[in-house]
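# Structure at a glance
One letter stands for each residue in the lines below.
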Amino acid sequence: MASDTEFPCLLVISVPFPDTRLASSALRAIEVDQELSPLVRRSMSLAGPGLDGKDGAVNGSDKRDLSILKVEYRATTNRMLRVAVNGFMESLGVVVGVMQELDVDVLEADEQKS
């Protein structure tokens, strides 16, 4: 990752999902879209509840409850950070909307909360 002096603006977003499968699906759907600006860096990983920092990140062999999509943005300016995060939120909204429409697990989780 780039140095803090090059990319001083930082935002970490944690998005909880009902289960690991849905978090992993969201990660795979969103990570294919690379950041367009060289002034922004993004890293994404899966984390589990109660796991913080680097301990929460996952590699392919870890089988814990990894139901949180963790996204870290670094940018050169606050404006570039805002623009990048707005784009991410739009993509996330589309992914979650598709999950709600097409995935039975998401619908069941919504019904249990009601």
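Before reading further, recall that the structure is shown in the block above.
Described in the following lines is the structure provided in the data block.

About the thresholds
Chains are numbered independently. Their residues run from 1 in the order of the written sequence. Totals for whole chains, interfaces and linings use every residue, but because this is a predicted model, local features are given only for residues with pLDDT of at least 70 and side-chain atom pairs only at 80 or more, for both listing and counting. With hydrogens and water set aside, each side-chain value is computed from the structure's full complement of heavy atoms. Every helix listed is a DSSP run of H or I at least four residues long, and every strand listed is a run of E at least two residues long, numbered separately from the N terminus. Relative accessibility thresholds used throughout: buried, under 20% of the residue-type maximum; exposed, over 50%; partly exposed, between the two (1.4 Å probe, protein chains only). Here a residue-residue contact requires only that any non-hydrogen atoms of the pair lie within 4.5 Å. When DSSP finds at least two bridges between two strands, those strands are taken to pair. Interaxial angles span 0 to 180 degrees and are taken between N-to-C directions of axes, which are lines fitted to C-alpha atoms, for helices over the stretch in contact.

## A look at the overall build of the protein
Within the protein, the secondary structure is distributed over three helices and three strands. In the protein, the succession of helices and strands from N to C terminus is β-α-β-β-α-α. Out of the 114 residues belonging to the protein, those deemed buried represent 32%. A separation of at least 24 residues holds for 67% of the contacts in the protein among residues at least 6 apart in sequence.

## Overview of the sheet that holds strand 2 (residues 40–47)
Taking strand neighbours across the sheet as the criterion, the three strands line up as 1-3-2 in an open arrangement whose pairing is antiparallel. Either end of the sheet is taken by a strand with one partner, and the two such strands are strand 1 (9–16) and strand 2. Between one strand axis and the next, the sheet turns through 15° on average, direction left out of account. With eight bridges joining them, strand 1 and strand 3 (residues 68–75) adopt antiparallel strand pairing. When the bridges of strand 3 are listed, Pro 16 appears paired with Ile 68. Helix 2 (residues 78–102) contacts strand 1, strand 2 and strand 3 of the sheet and is inclined by roughly 15° relative to strand 1.

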